[in-house]
Amino acid sequence: MRLLYPLFLLLFFQNNLLAQGIRQEVVSKKLLEKMAVEPAAYHSIHVVLADRVDFQALEAQFSNERASLKKRSETVLTALQEKAARTQGSLLDFLKNSPQVQPGSVRSYWVTNIVFAKIKNEAVEALSRREDVAWIGLNGQLELEKYEVAAAPPPLQPNGIEPGLAVIKAPEMWAMGYTGYGQLAFTNDTGVDLWHPALATRYRGFYVPMEQTWYELDSLLVPTGNYIPNDCQYHGTHVTGTILGLDRLNNDTVGVAFNAQWIGAPTVAPCSTTGTEDNVAAFQWSLDPDGNPSTIDDIPDVINNSWYDPFLDTTDCFSLYVPVEEAMEAVGIAVVFSAGNEGPGDMTITPPHNINLHEVSSFTVGALNGNVPSLPIASFSSRGPSRCGGDSSILIKPEVSAPGVSVRSCVTGNGYDLLNGTSMAAPHVSGAILLLKEAFPELTGKELKTALYHSCTDLGPVGEDNTFGMGVINVLEAFNYLVAQGHTPVSPYKANDLLLVDARVSPFSCENEITPVVIVENAGTDTVSSFEVYYEAGGFNQTHLWTGELLPKGRITVLLSPLVTTPGNFDLKINLQIPNGLPDERPLNNRIAIPATVSGRERYQVFIEGNGESVCENQAALLRGAYPVSGTVDIDWYDAPAFGNLLASGQVFATPPLAQPTTFYAEATFTAPIGLQHKNAGDNMLSDSADIGLVFDVHTAIKVKSIKVFADQTGLRLFRLIDGTGETIDSDILNATEIGENRIDVNWTIAPGLGYQLVKGAGKPLYLNTTGANYPYTIPDVLEITGTTGGAAANGAWYYFYDWEIEYEEPCGRIPVSVNLTPAGSQPGASFTVSTDSLSVDDNEPIHFTNTSTDILDGWQWNFGDGTSSTEEHPSHTFSAPGIYVVSLTVIALDGCTGFALDTITISASNVSIVKPEPPLTAGIAVFPNPVRETCSVFFDFPYPRNVSLKLADMTGRLVKTSSLKAVQKEEATLDVSDLEAGVYFLMVETKEGKAVWKVVRV
């Protein structure tokens, strides 16, 4: 009975409407249903006026005149706007004065002579009887087709292309030089991730005002003023990637037309709550983004639509989308739709894709599996025929097919994913249209769709069918089809063409200077001997002149001169220009804008040991990073300011002999403590309160490696990491194994953001301080612990988590150190001996260094690796903290040339004794490899069996691995160290004859 009641109500309501004289043939079935179920409600509706532009007559006129695209645009826009201005007045007066219309809800658009409003049933009835009304439809959120994630996120594919691109023959077009340059795609979807590395350099908004490239409406249906592209989900980013995605740095191609550009609008749920009207507004905007009907460069060449309108009935063969699509096609835009994912049943094409105005409108794309040679149709791909009837090809749906199974493309957050859906198939077609448009720029979207339609590779039953349509698109054959029709393709090659591959800037541009790095490719046919890079930020600008030789297809990394500006957050705009002193012939691939934060922070210091900033020609230089104020530093040495080759790792770097001045780059990673070090800093107490902890801000990416807690009993506790929105982004159940102080490894990587919380959840009590804290605890430009979850904690409270150990890269980026050369001279040799190379910190004994260099010298410079130095010939030095110290002696000859020698001193923690291996024990033991990565092997060769104990301790003396071996004589034992952090450990081997300690480095 429950099932019959709504049906009875609907039939009763419809009969009642007939009695009242409502014209049901002009009212959407979905709207009629809603009126029956909610008779007293306001309904969000749209009204399409009967008097509309006659596009068939316009098309005939354009064909007779062989009208240019510019002529089409001017004529269509003028006709649409004049028609709306002349015919909407009476309807608008009626709606604005009707008591059945919600005040302030009436809005009109000229794209298809349409008006939106929120009205009650009586007003719908009245509208239906008006002669100037052609259609009344229901508004609502547009929905994504029901795509699915196919597999785990795939890795980057350097120098690779996706299988679907090969299926549609895109590489053959690339080989001819057609890559989509100069063409424009409009992604009508959930939005686009502006900063994805495969998309960023293709955003049109770097070339024209951003309001001409991004369109949003807010809940009040007025332009938001937010012109920064975004994707509230990731679907639109994936679609855009398939159209034109390319990570130029890694040469990872996911897109068909990878040199085209994109604009967009987030019109689809969940990114839009206004749905139908948002969509109509975005379509109207796309006809004239710059507000000038006489320009056409701003108009997209293709609009990709991978959504459906659930507020349309599948039998609504006339809807607002019919005149909208007619308007797009009249201007010359190609409109592409996904077929839907409701297969495999017949007549499952989702609305409004069921519209069949002619053989390529609507142009609907089915999904096949491009990873299988037979190219089978996907089971989910919607099938025809159209419910809107028609004969022959007009009835058959979809029009064409393209790869839509396990399609790899971009997703938000700089990642990639494999997705299934006709949503993934449609952008292959949109990208193919852009390739054809580059070759035939004067052809309309309808002509390009027709070429793809008639050049497909047939699949399934012979001829066009309701599964594959005409078959899988073949963009090369479509090109040949157009040539056979008498169209002449334009040449894709230009002599002077610079291409901006990538641009980078440090997370913090320090000392009030921005020093960008750009990678430039010569995409032209002429060798480039010079070009300029213009860049600006914060009202300051600069031009950098590069000279040299850059061959065609060659790439070069350029460190630009520092741009001095003021502290703050800016968009750094970069533009390549004037190759060989001439205008760039393809200027739409040489701009980008990068967010830049400028700080007064001083850079980490890297210097040359010895005699100033130079060494003698054909001699090596010794480079060293400054000793950190607290914690430790690891340095990777590179030959370029970004990317480049890793030359060495370590506190110091001995360069090869240098024949010319050379700049090296140090990438420093710090490990440092922060926060209250111990609970004894003030009053403390035990607490089992959950969901309280510390609040902190992160300014550059960090890793929290470990934290210290104090417990009165061993056992498990839950720790949670919460971001500024209140979402838990990581959690661990961690074990306090000791009563008292426990250092807990967490290894949480945290992106920049404000208002993070680290809290204790369930579990046994831990100590917290009620006094003693003094906020904020700060590592400038990196991390600030600002207070507790209870507020700023003015009384000095500190909750649970002490002595954080964090790791972060130098925010200023790689630090350059330039080595200049003086004329070649003597080759002084340096050498020294040490009284011991290993001590416990408890020994507190000086180590004596003896200079054994034999050349006649002018001076000695010692660096003990802990921030101290000496110019004595035979110094002594006492190390005060555990660590591994690289000691260097640099000797200076009478002619100023230098030489150097190195040694490593190991100072162990207080509870690890350094025992020199005794010959009887070490004679039968070998430790290999060292450094070690995954497994440390100990080889035994004893004259008789012995019981052996193996103990591996870290720098603090904490045992991390133990093993007991019985009756060992001639064999191998292994320790798995793959779960240990990189660093220095001590392997202790004990037998009844004695013990020995080996220093083991885990890398």
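Residues numbered from 1 in each chain as written. Predicted model: local features only at pLDDT ≥ 70, side-chain atom pairs only at ≥ 80, totals over all residues. Heavy atoms only, no water.

**Student:** Help me out: how do you make sense of the overall build of the protein chain in this one?
**Tutor:** Regarding its fold elements, the protein chain presents 15 helices and 58 strands. Counting only C-alpha atoms and orienting by the principal axes, one finds that the protein chain spans roughly 105 × 70 × 60 Å. Classification of the 1003 residues of the protein chain by burial places 55% in the buried group. Excluding contacts between residues fewer than 6 apart, the proportion of contacts in the protein chain whose partners are at least 24 apart in sequence is 75%. Surface exposure of the protein chain reaches about 40,200 Å², of which carbon and sulfur atoms provide 51%. Averaging the locations of the 62 positively and 114 negatively charged side chains of the protein chain gives two centres separated by 5 Å. (Helix = DSSP H or I, 4+ residues; strand = E, 2+ residues; numbered from the N terminus. Buried < 20%, exposed > 50% of the residue type's maximum accessible area, 1.4 Å probe, protein only. Contact = heavy atoms within 4.5 Å. Areas by Shrake-Rupley, 256 points an atom, 1.4 Å probe, with all protein chains shown as cover. Lys, Arg positive; Asp, Glu negative; His and termini not counted. Charge placed at Lys NZ, Arg CZ, Asp CG, Glu CD.)

**Student:** Where do I start with the state of the cysteines in this structure?
**Tutor:** Put plainly, a disulfide is one covalent bond tying together the sulfur atoms of two cysteines. This structure, assessed with the given rule, holds four disulfides. Shown here is the disulfide that connects C232 with C271, its sulfur atoms set 1.9 Å apart. For the disulfide bridge between C232 and C271, the dihedral angle about the S-S bond is near -90°, and by the sign convention the bridge is left-handed. With a gap of 39 residues between them, C232 in the loop between β7 (184–189) and α9 (235–244) and C271 in the loop between β10 (261–266) and α10 (276–286) connect regions that are remote in the sequence. The class of C271 is partly exposed, set by a relative accessible area of 21%. Each bonded cysteine of the protein chain is numbered by sequence order, and under that numbering the disulfide pairs are 1-2, 3-4, 5-7, 6-8. (Disulfide = S-S within 2.5 Å.)

**Student:** Looking at this structure, how should I read unusual backbone geometry?
**Tutor:** In most cases, non-glycine residues show a negative phi, while peptide bonds are predominantly trans. A cis amide bond, omega 10°, links A269 with the succeeding residue P270. With respect to the helices and strands, the residue P270 is situated in the loop between β10 and α10. Of note, the amide linkage connecting G384 to P385 takes the cis form, showing an omega dihedral of 5°. Among the secondary structure elements, P385 is positioned in the loop between β14 (363–368) and β15 (400–403). The phi angle at R66 is positive, at roughly 50°, despite the residue not being glycine. Mapped onto the elements, R66 comes out in the loop between α3 (55–65) and α4 (69–87). Judged by relative accessible area, R66 falls into the exposed class, the value being 76%. Phi is positive for D803, close to 45°, though the residue is something other than glycine.

**Student:** Would you explain the sheet that holds strand β46 (residues 832–834) in this entry?
**Tutor:** Sheets are built from strands that pair by backbone hydrogen bonding, the pairs being arranged parallel or antiparallel. One open sheet accounts for three strands, arranged β46-β48-β51; its pairing is antiparallel. The open sheet has two free edges, formed respectively by β46 and β51 (876–877), since each of these has just one partner strand. (Pairing = 2+ DSSP bridges.)

**Student:** Would you explain the nonpolar core in this entry?
**Tutor:** In globular proteins that are soluble, nonpolar side chains generally tend to be buried together. Counting 94 residues, the largest nonpolar core has V429, L436, L452, F531, L572 and I574 as its most contacted members. When residues of this core are assigned to their parent elements, the largest contribution, nine residues, is made by helix α12 (residues 422–439). (Core = buried A, V, L, I, M, F, W, Y, C linked by side-chain atoms within 4.5 Å.)

**Student:** Explain the environment of Q677 to me, please; I cannot follow it from the model alone.
**Tutor:** Take Q677: it is sitting in the loop between β33 (662–674) and β34 (684–687). Residues Q677 and V26, spaced 651 residues apart in sequence, show a C-alpha to C-alpha distance of 75 Å. A polar contact is formed between the side chain of Q677 and the backbone oxygen of G675, at a distance of 2.8 Å. For Q677, the side chain forms a polar contact with the side chain of D803, separated by 3.4 Å. (Polar contact = N/O pair within 3.5 Å; in protein donor to acceptor, adjacent residues only side chain to side chain.)

**Student:** I keep staring at the side chain of D584 and nothing clicks. Help me out?
**Tutor:** Within the secondary structure layout, D584 lies in the loop between β25 (568–577) and β26 (591–598). Polar contacts involving the side chain of D584 include one to the main-chain amide nitrogen of L498, which spans 3.0 Å. At 2.8 Å, the side chain of D584 forms a polar contact with the backbone nitrogen of R586. Excluding its chain neighbours within four sequence positions, the residues that come into contact with D584 are N496, D497, L498, P579 and N590.

**Student:** Looking at this structure, I do not really get the packing of α9 against α12. What am I missing?
**Tutor:** When two helices pack together, their arrangement is given by the angle between their axes and by how far apart the axes lie. It is at 7 Å that the axes of α9 and α12 come closest, and there the two elements cross at 40°. Taken together, the axis directions place α9 and α12 in an arrangement best described as oblique. The hand of the α9/α12 crossing is right-handed. Here H235, H238, V239, T242 and I243 of α9 lie close against α12, whose contacting residues are S423, M424, P427, H428, S430, G431 and L434. A per-class count over the contact of α9 with α12 returns five nonpolar, seven polar and no charged. (Axes fitted to C-alpha atoms, helices over the stretch in contact; angles between N-to-C directions. Parallel < 35°, antiparallel > 145°, perpendicular 65-115°, else oblique. Left-handed = near helix turned anticlockwise from the far one by under 90°. Nonpolar A, V, L, I, M, F, W, Y, C, P; charged D, E, K, R; others polar.)

**Student:** Is there a simple way to think about the pairing of β7 in this case?
**Tutor:** Side-chain direction in a regular strand flips from residue to residue, so the side chains alternate between the two faces of the sheet. The buried fraction of β7 amounts to six of the six residues, a majority that puts the element mostly inside the structure. Going residue by residue along β7, you find L184, F186 and N188 tucked away on one face and A185, T187 and D189 tucked away on the opposite face as well. Of the strand pairs in this sheet, β7 and strand β11 (residues 302–305) are connected by four bridges, and their pairing is parallel. Residue pairing in the sheet places T187 in a bridge with N304 of β11.

**Student:** Would you mind going over α3 with me for this structure?
**Tutor:** Owing to its 3.6 residues per turn, the α-helix aligns residues three or four sequence positions apart on the same side. Along α3, the residues classified as buried are F55, L58 and F62. Down the axis of α3, the sector holding all buried residues measures 55°, keeping them to one side. Facing away from the buried surface of α3 by more than 90 degrees, the exposed residues are Q56, S63 and N64. Buried residues belonging to α3 abut α4 and α11 (321–331). Between the side-chain oxygen at the start of α3 and the backbone nitrogen of Q56 there is a gap of 3.2 Å, and the oxygen is on D54. At the C-terminal side of α3, R66 shows a positive phi close to 50°. (Arc of directions from axis to C-beta.)

**Student:** Just checking my understanding: could you explain the packing of α12 against helix α14 (residues 475–484) for this structure?
**Tutor:** Between α12 and α14, the shortest axis-to-axis distance is 10 Å and the interhelical angle comes to 35°. Handedness of the α12/α14 crossing: right-handed. Across from A432, L435, L436 and A439 in α12, the residues of α14 making contact are V475, A478, F479 and L482. Tallied by class, residues from the contact of α12 with α14 come to eight nonpolar, no polar and no charged.

**Student:** Help me out: how do you make sense of the side chain of H544 in this one?
**Tutor:** Relative to the helices and strands, H544 is located in strand β22 (residues 540–550). Using a relative accessible area of 14% as the deciding quantity, one classes H544 as buried. Of note is the side chain of H544, whose polar atom sits 3.1 Å from the side chain of S561. Apart from the residues lying within four places of it in its own chain, the contact partners of H544 are F531, E532, V533, Y535, V558, L559, L560 and S561.

**Student:** How do you make sense of the pairing of β11 when you look at a structure like this?
**Tutor:** Both faces of β11 are covered, namely the face carrying V302 and N304 and the face carrying I303 and N305. Pairing analysis gives four bridges linking β11 to strand β13 (residues 334–338), with the strands arranged parallel. Bridging from a neighbouring strand, I303 pairs with V335 of β13.

**Student:** Can you help me understand the sheet that holds strand β38 (residues 728–736) in this one?
**Tutor:** Across the sheet, six strands lie side by side as β38-β37-β40-β35-β43-β42; this open sheet has antiparallel pairing. The strands lining the two open edges of the sheet, one partner per strand, are β38 and β42 (777–779). Averaged over all pairs of adjacent strands, the angle between strand axes in this sheet comes to 20°, irrespective of strand direction. In this sheet, strand β43 (residues 783–788) lies alongside β42 in antiparallel orientation, the contact comprising three bridges. Pairing of Y777 across the sheet is with I785, part of β43.

**Student:** Whenever I open this one, the confidence of the model for the protein chain confuses me. Can you help?
**Tutor:** In low-pLDDT segments, the atomic positions of the prediction should not be examined closely. Residues at a pLDDT of 70 or more form 94% of the protein chain, whose mean pLDDT is 89. In the model, residues 219–224 has pLDDT below 50 throughout and makes 10 contacts with residues more than four positions away in sequence or in other chains. (pLDDT = per-residue confidence, 0-100.)

**Student:** Explain the pattern of salt bridges here, please?
**Tutor:** Oppositely charged side chains can form a pair if their charged atoms are brought close together. Evaluated as defined, the whole model comprises 27 salt bridges. Across the pair K708 and E741 runs a salt bridge, and its minimum N-O distance is 3.8 Å. Taken together, the residues span a long stretch of sequence, with K708 in strand β36 (residues 702–711) and E741 in strand β39 (residues 740–750) at a distance of 33 residues. Residue classification places K708 among the buried positions, given a relative accessible area of 9%. For E741, a relative accessible area of 45% puts it in the partly exposed group. A salt bridge links E990 to K951, with the nearest nitrogen and oxygen atoms 3.7 Å apart. Here the residue E990 occupies a position in strand β57 (residues 983–991), and K951 occupies one in strand β55 (residues 935–953), the gap between them amounting to 39 residues. Ionic contacts of the salt-bridge type, sharing partners, join the residues K708, E741, R743 and D803 into one network. (Salt bridge = Lys/Arg side-chain N within 4 Å of Asp/Glu carboxyl O.)

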